[in-house]
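# Coordinate inspection notes
Given next are the chains, with one letter for each unit.
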Amino acid sequence: NMSLGSPYGDPRWDDLSQAVENASALGVLTVASAGNSSDKPYATGSPAAAPSALSVAQTSVPSEVQPLMEVTAPEDIAGLYAAVFQSWSAPLTEPLEGPLQYGDGAGGKLNGCSLGADPNSVDPANAPYPPGSLTGKIVLVDRGVCNFSVKIYNVQQGGGLAGIIGLVAPGDPFNGSLGNGGPFTIPGYMISQADSNALKSGLDEGVMVRFDPADGIPLVQHMVGSSSRGPSAGLNQAKPEIGAPGASISAVY
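In short, a report on the structure. Keep in mind the model is a prediction, meaning the values are calculated, not measured.

## Details of the state of the cysteines
On inspection of all chains with the given rule, the structure shows one disulfide. In this model, Cys-113 is linked to Cys-146 through a disulfide, with the two sulfur atoms separated by 2.1 Å. One quick way to see it: the torsion about the S-S bond of Cys-113 and Cys-146 is about -90 degrees, and its sign makes the bridge left-handed. Separated by 33 residues along the polypeptide, Cys-113 in the loop between strand S6 (96-102) and strand S7 (138-142) and Cys-146 in the loop between S7 and helix H2 (148-157) bring together distant segments of the chain. When its relative accessible area of 4% is taken as the criterion, Cys-113 is described as buried.

## A short note on the nonpolar core
The nonpolar side chains of soluble globular proteins are, as a tendency, buried together. With 20 residues, the main nonpolar core has Met-69, Leu-100, Ile-138, Ile-164, Leu-199 and Phe-211 as its most contacted residues. Contributing elements (two or more residues each) for this core: strand S3 (65-73), S6, S7, strand S8 (162-166), strand S9 (188-191), helix H3 (193-201) and strand S10 (208-218). No other element matches the three residues that S6 contributes to this core. Each residue touching Ile-164, except ones within four places of it in the same chain, is listed here: Met-69, Leu-100, Ile-138, Val-139, Leu-140, Val-141, Ile-152, Tyr-189, Ile-191 and Phe-211. Core analysis: the second largest hydrophobic core is formed by 14 residues, Trp-88, Phe-148, Val-155 and Phe-184 among them.

## Remarks on H2
Most of H2 is tucked away, with nine of its ten residues classed as buried. Residues Phe-148, Ser-149, Val-150, Lys-151, Ile-152, Tyr-153, Asn-154, Val-155 and Gln-156 constitute the buried set of H2. If you follow the buried residues of H2, they end up packed against S7, S8 and S9. Positive phi shows up at Gly-159, right after H2, with a value of about 95 degrees.

## Points about the side chain of Ser-192
Within the secondary structure, Ser-192 is located in the loop between S9 and H3. Overall, the relative accessible area of 14% leaves Ser-192 in the buried class. Discounting residues that sit within four places of it in the chain, Ser-192 has contacts with Leu-167, Gly-171 and Pro-173.

So, how was this worked out
Residues numbered from 1 in each chain as written. Predicted model: local features only at pLDDT ≥ 70, side-chain atom pairs only at ≥ 80, totals over all residues. Heavy atoms only, no water. Disulfide = S-S within 2.5 Å. Helix = DSSP H or I, 4+ residues; strand = E, 2+ residues; numbered from the N terminus. Buried < 20%, exposed > 50% of the residue type's maximum accessible area, 1.4 Å probe, protein only. Core = buried A, V, L, I, M, F, W, Y, C linked by side-chain atoms within 4.5 Å. Contact = heavy atoms within 4.5 Å.

Here is the structure:
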């Protein structure tokens, strides 16, 4: 059982894959991870790509849920959008709804970062949003310049109900790492560039956003976004063969 290798591995020319084949000839089954190269053709790893290896994809733990953000107005962008919860922020325990504001609402402080020389500063006196200026609002900020957690913390310091980080380049939203900031009393989320642009397109009409802990898509038996999908390079075989929970699981624990 192993979790090692390299993406785009061609098992015909890979020494580890040959070792797996040799072990298989002696009756030893090798179970190996497919890799963490995401949904890219032929990016599955070797030696899991060896013909005799059992290659395993990574699936979500059974309790995992993809949170959804509901836009209730304006009508032309109303609907449900995927919003990845930032696990270091405060959990959403009850529904919340409010008007969406982009940055400070006047075209400034759009990335939610601090104003001092240190972009990761979390000194309240240096927060980009004055206390009380965001009361009752859900605030959208752009990715960039400072840590994700600093952005949400600064929204919290302004009194916002929740913070949303919008990506500024194509790609899937993700659970970003904790930098500075906290403790957190509001939830933070990340959305894709396309969804962020959709929200911005309705700002002139007034965007209303709602988060409800009951709104979500169960991810049991779903592939984790980072998991490799295959097929194998060179031999073009179906790899990985199976999937198993791997995300959010600690081998040490």
